[in-house]
Each structure stands twice: as C-alpha cells, then as structure tokens.
Amino acid sequence: MAGLSFDLIALQLFAGLALGAIYVLFAIGLSLIFGMLTVVNFAHGAFYMVGAYVGLYLISIGGNFWICLVAVPIVIGLFGLAVERVLIRPLYGRGIDYPLLLTFGLSYVMVECVRIAFGKTGYPFDTPEVLQGAVDIGVGYFPLYRLFVIGATAVVLLALWLFLEKTSYGLIIRAGARDPQIVRVLGVDVSRVWLIVFGIGTAIAGFAGLLAAPLQGVIPEMGGTILAEAFVVTVVGGMGSIGGAVLAGLLVGVVVSMTSLFAPEMAKVSIFALMAIVLIVRPQGFFGRAGLMS
Amino acid sequence: MLQVSQLNAWYGASHALQDISLEVTRGEIVCLIGRNGAGKTTTLKSIMGLMGRARGSVIFKGEELLRQPAHVRFALGLAYVPEERRIVQGLSVRENLRLGLVASKHKKREAELIDEIAVIFPRLAERMDQEAVTMSGGEQQMLAIARAMIAKPDLIMLDEPSEGIMPVLVDEMFELFRSMKAQGTTVLLVEQNVELALGIADRAYVLDQGAVVHQASAQALLADDEIKERYCSV
Ligand SMILES: Nc1ncnc2c1ncn2[C@@H]1O[C@H](COP(=O)(O)OP(=O)(O)OP(=O)(O)O)[C@@H](O)[C@H]1O
Ligand SMILES: [Mg+2]
C-alpha cells in the first residue's frame, strides 16, 4: 500500500506538471501582454481555442501535428497582430477598462464564429502516433504525450528567456514594461513594441491550445475555462511577472492534480482556495509589484 | 539649431505654456531658469514631444518637429534627460547604457561606444554589471546623462541634473557639460542652482508662469540681482 501510494503520488505529480505546463504557456502570454501594454486580454482564451481549431482544421486537410506545431502559433500570432493594430491600438490612453471590455466582447465573437464554422459540439483530437503510449519514468508508466507537453513548454520558455534576456529587442521589452516613456525618449517606437508583444503572447496562447487539444479534445468553450484558471495563476504569480506565471502555473497544475487524486470533488475549488491563501499572505502575488493596477 | 516659437502647451484644460519663444545655436549652452512651476520642465517635454497637447512651432535642424512623435525627434538628434532620471529598474548599468543605443544609428558600435562612455564616466565603469537602481542618486544621474549621451545627440536637454546630488558630483557633472560643449554638443539646461548654471552657460531665458519674461547673456544675468531675486527661487 505504502509503495503503491508513493508511486501514485509521484505519477500524479507529473500529471500535475503536464497540466501546469499548459497553464504556464497560457499565463506567460497573458502576463507579458499585461506587463507591457497594461491590457487585460480577456480574449486570450479565445486565441487558445482558435489555436486548437486551426490545428484541427490543418490536420483535416492533410497536415500533420508537427506542421501544426509551427503553423498554429504563426497563424494565431498574425491574427493577434491584426487584433492589436486594428481594435486595441485606438483604445490606448483611455484607461484599463476599454481594452478589457473590447477583448471581452471579442472573445464572444470568436467563440460564436467557431460555433458557426465547426458546430457547437466538440471534436476529439488524436494524439500523434509517435507520441502515443506510455514510458517508464521510474515510478511507473507515464503517458508519452504528457512528457512531450512538458518538454515543449520547456523549449518555449527557454526560447522566450533567451529572447528577453539576450537580444536588444528583449531589452526594449523589459525596459518598456517598467517605463514606456523613457524607452520612447530613447528613440523606440513603443507602439510597435506593443504590437509585437501582443503577437507573441497570442502566438503562445494558440500553441498552448494546440498542445492541450490531444489531452482534452476541442470545444468552442475550452478557452473560457482555462482563462478563469489562468487568472488565478497570474494573480498567484503576480500580475505582469513571467517568472511568477511559470512558478504559479506549475503549482496550480500540481494542486489541481493532487486534489483530484485525494478529494476529486474539491479539485475545481482548490485553486481558488490557493488563490485566497496567497492573496491573504502576499496581496501582490509571488513576484508581483504592489500597486501595478492603481 | 533649435528654434522654438509661439509654443503653447496644456495639461488638460490648464494652459501651462503661453507663447514660449527661444533659440539655441549650435555649440551653445543655454539655460532655462525660473521658479518652481514656471514651466521649465513643460518646455523641455514639449520640445521632446511628450506633451499631449502642444501648438506653435519647434524647428530642429531645419525640420518642424511638432507633429513628430518622441522617437522620431530622438532619431533626428535630440536627447532628453528627465527630472526624475528614470533609471530602469531590474536592468544593470550596462543594460541601461545599451538601452540608449537600441534605437540609434550607432547600434552596431555598441561595445565600442560603451567602452568610450566608460572612460568619461569612471564611476559607471566600476559598476557596469551592478543593478542600476542600487547606485546612489548622483551615480544614477550620471548614468541617465551617459545613457542620453551615448548615442551622440546633437542637442541634449537636461532637467535639473544637480538636484539632490552631493556637491563633489555636481562639480564633476558641470565639468562634464563644459567638455561636452567643447566637443560640439549643444546643451539646453534647466537648473535651480542659478549661479552654477550661469557659470557655464552662454545665454539664459527666464521663465515665469509659463512665459519667457527675460533673456540675456549669462554674464549679464549673473550681475542682475533684481531679475534673479524676482524670478528665481532660493
Ligand atoms: N502632469 C501635470 N498635470 C497638470 N499640471 C501640471 C503637470 N505637470 C506640471 N503641471 C503644472 O504646469 C505648470 C508648469 O510646471 P513645470 O513642471 O513645467 O514647472 P517647472 O518650472 O519645471 O517647475 P519645477 O522647478 O518645480 O520643476 C505648473 O503650474 C504645474 O503645476
Ligand atoms: Mg521641473
């Protein structure tokens, strides 16, 4: 019994990390966009959902999963660029609630369009063949695809880290998130930086939607659920903090996974309980800056 | 080099600048002085393109700037060191300096220009990889100036650079302005420390309640106790 439960807990922990990886990808985009543009992107879930549907569509016309891994973030990223340029940009300087309402409305439009194009019911999404099955990770057999999700997330995080820390564009983004005015005075066209950050954030959301599709299938409402959970992640991690989003995303994944093992009926509530506890102890989250919203 | 005429600017409904006209010729150090709230900062912000609403004319190297955004004015050779220094949190001294070059035409010569600036600012050279906001106020001010200078602007505007800085560093800084001038950089300086500023300036404008009330050579103004008493704090 003791050995069995240890292995079971360890496996569940890994399952939590895979779930958390999706939260991490979703939340870093949300956090990046908020930290830079002070836009709370309520359409982030819709970009995630459309990412999964674009994958579904590409596979239906003969593409494979590997093509999707490259094409989906590009398509969703371009879509994100267009949304920022056309819809969000005119609202800068009018307060945080304008883009919030706009993206909120946009998410409904996107969900409705997908319902019209693909129907209201969901679809299963096949796990690519080479990633089917399970591998022995020492404590038991673990689904290969979930390992892949963890690995792919690590690759995205590493690439993003290198981009932000090692390139001059990353330097501009890090500085612009703290003080857009000084960056402007130093010759940077800040509106272009905002555009690109929005594109990167939504591209990662689309990628996350695609990764999540084989785990849970695709339905038009899939974005709404993860958006609510990702808000918990960003609040726990600290609004606008990427490191916080990573840590909190994994933590939330593990908490959900563990409570669904020990107290399945508590699984959905557990993350909100976690959020409440963190907010009481540290109102700005793990790495948040106090007063960012004021 | 810079001709400002009939410049007006507003904060919401409040009319902060009223028909400001001033001129800065290449190679000069020109000083703006006046009491707290006279409109000195607002004048610099308007020239840099940071005021939401501004009317009139700002001509820099023959080009009308008023409709141009701040980053275009930078590209034309205008630099601005704001009152609050604005050293970016979370970045090292080196990264703050690199930030001064990311959008500049000298970007490719980054390493060389950082070495060059390190010679001019030995205090920064010792602290290149330290987080910039952990330095003293004076060192941060030096960094703000270095960050603006590194892209080799034609005209640099400085807003109260000596504020809250220990006297040794202030002397060092004013020595630097002199050598900047000697190397052909034009300087538009806002200073509370009037005696000191007039000591290095060629000419000065006196602002009061958003308008230019007096202009004179620095020497003449230094001798003019009445004007100084009427329009300058201290
Ligand atoms: N952000 C702002 N919003 C509204 N009014 C402002 C703002 N900044 C400055 N003002 C007003 O505009 C006028 C000019 O201010 P400005 O900051 O240009 O003065 P200053 O000469 O730089 O003063 P100081 O010596 O205190 O720096 C003042 O009456 C000030 O109260
Ligand atoms: Mg001022």
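Read on for an overview of the structure. (Residues numbered from 1 in each chain as written. Chains lettered and ligands numbered in written order. Predicted model: local features only at pLDDT ≥ 70, side-chain atom pairs only at ≥ 80, totals over all residues. Heavy atoms only, no water.)

What follows covers the overall build of chain A. A count of helical and extended segments in chain A gives 11 helices and 2 strands. Reading chain A from its N end, one meets helices and strands in the order α-α-α-α-β-β-α-α-α-α-α-α-α. Relative to its length of 294 residues, chain A is compact, with a C-alpha radius of gyration of 19 Å against a globular reference of 19 Å. Taken along its principal axes, the extent of the C-alpha atoms in chain A is 65 × 50 × 35 Å. Taken across its 294 residues, chain A has 50% of its residues classed as buried. Within chain A, counting contacts between residues at least 6 apart in sequence, those at least 24 apart form 77% of the total. Charge centroids of chain A, computed over 14 positive and 13 negative side chains, lie 12 Å from each other. (Helix = DSSP H or I, 4+ residues; strand = E, 2+ residues; numbered from the N terminus. Rg over C-alpha atoms; globule rule 2.2 N^0.38 Å. Buried < 20%, exposed > 50% of the residue type's maximum accessible area, 1.4 Å probe, protein only. Contact = heavy atoms within 4.5 Å. Lys, Arg positive; Asp, Glu negative; His and termini not counted. Charge placed at Lys NZ, Arg CZ, Asp CG, Glu CD.)

The next subject is the site of ligand 1. Residue and element names in this part refer to chain B. Around ligand 1, the surrounding shell holds 13 residues, and the nearest of these are Gly 37, Lys 40, Thr 41, Thr 42 and Glu 83. A distance of 3.2 Å separates an oxygen atom of ligand 1 from a polar backbone atom of Ala 38. Coverage of ligand 1 by the protein chains reaches 59% of its 630 Å² of free accessible surface. Examining the composition of the shell around ligand 1, we find that 3 residues originate from one element, helix 1 (residues 40–48), more than from any other. In terms of residue class, the shell around ligand 1 is built from 3 nonpolar, 6 polar and 4 charged. (Near = heavy atom within 4 Å. Polar contact = N/O pair within 3.5 Å; in protein donor to acceptor, adjacent residues only side chain to side chain. Areas by Shrake-Rupley, 256 points an atom, 1.4 Å probe, with all protein chains shown as cover. Nonpolar A, V, L, I, M, F, W, Y, C, P; charged D, E, K, R; others polar.)

So, about the coordination of the magnesium ion (ligand 2). Protein ligation of the magnesium ion (ligand 2) involves Thr41(B) (OG1) and Glu83(B) (OE), the donor distances falling in the range 1.8 to 2.8 Å. Of this pair, Thr41(B) sits in helix 1 while Glu83(B) sits in the loop between strand 6 (78–81) and helix 3 (93–99); the two residues are 42 residues apart in sequence, bridging distant segments of the chain. (Donors = N, O, S within 2.8 Å, 3.2 Å for Na, K, Ca; no water.)

Residues and elements named next belong to chain B. Here 4 strands make up an open sheet; going across it, the order is 2-1-4-5 and the pairing antiparallel. Each end of this open sheet is capped by a strand with a single partner; those strands are strand 2 (14–24) and strand 5 (63–64). Where strand 1 (residues 2–11) lies against strand 2, 7 bridges are found, and the strand directions are antiparallel. Bridging across to strand 2, Leu 7 finds its partner in Ile 20. In the packing of helix 1 onto the sheet, the strands contacted are strand 1, strand 2 and strand 4 (53–60), and the crossing angle to strand 1 comes to about 110 degrees. (Pairing = 2+ DSSP bridges. Axes fitted to C-alpha atoms, helices over the stretch in contact; angles between N-to-C directions.)

The next thing to look at is the sheet that holds strand 6 of chain B. All names here are of chain B. Pairing is mixed in the open sheet, where 6 strands are placed in the order 6-7-8-3-9-10. The outermost strands of the open sheet, each flanked by one partner alone, are strand 6 and strand 10 (211–217). Each strand of the sheet is rotated relative to its neighbour by a mean of 15 degrees, with strand direction disregarded. Across 4 bridges, strand 3 (residues 29–33) lies against strand 8 (residues 186–190) in parallel orientation. Along strand 8, the bridge assignment pairs Cys 31 with Leu 189. Running over the sheet, helix 6 (residues 137–149) touches strand 6 and strand 7 (155–159) and is turned about 170 degrees from strand 6.

To continue, consider the packing of aromatic side chains. Residues and elements named next belong to chain A. Tallied over the entire structure, the rule returns 17 aromatic pairs over all chains. With centroids separated by 5.3 Å and ring planes inclined at 80 degrees, the aromatic side chains of Phe 26 and Tyr 48 adopt a geometry described as edge-to-face. Linking Phe 26 in helix 1 (residues 2–37) with Tyr 48 in helix 2 (residues 44–60), this pair joins segments that are 22 residues apart in sequence. The buried category is assigned to Tyr 48, whose relative accessible area is 1%. Considering the side-chain rings of Tyr 92 and Trp 194, the 4.8 Å spacing of their centres and the 65 degrees angle between planes classify their relative orientation as edge-to-face. A residue pair is termed long-range when its members are at least 10 positions apart, and Tyr 92 in the loop between helix 3 (65–88) and helix 4 (97–118) and Trp 194 in helix 8 (residues 190–216) qualify at 102 residues. Given the relative accessible area of 19%, Tyr 92 is considered buried. (Phe/Tyr/Trp six-rings, centres within 6.5 Å; stacked < 30°, edge-to-face > 60°.)

If you look at the interface, chain A gives 16 residues, while chain B gives 19 residues. In total, about 1,800 Å² of surface goes out of reach between chain A and chain B, with carbon and sulfur atoms giving 66% of it. Together, Leu171(A), Val185(A) and Leu186(A) form the three largest contributors to the area buried by chain A at its contact with chain B, with a combined 34%. In this structure, the connection of chain A to chain B is made through 2 salt bridges. Between Arg86(B) and Asp179(A) there is a salt bridge; the shortest N-O distance is 2.8 Å. Inspection of the chain A/chain B interface yields 4 residue pairs in polar contact (both at pLDDT 80 or more). (Buried area = accessible area lost by both parts, 1.4 Å probe. Salt bridge = Lys/Arg side-chain N within 4 Å of Asp/Glu carboxyl O.)

Everything listed is a geometric property; what it means functionally is a separate question.
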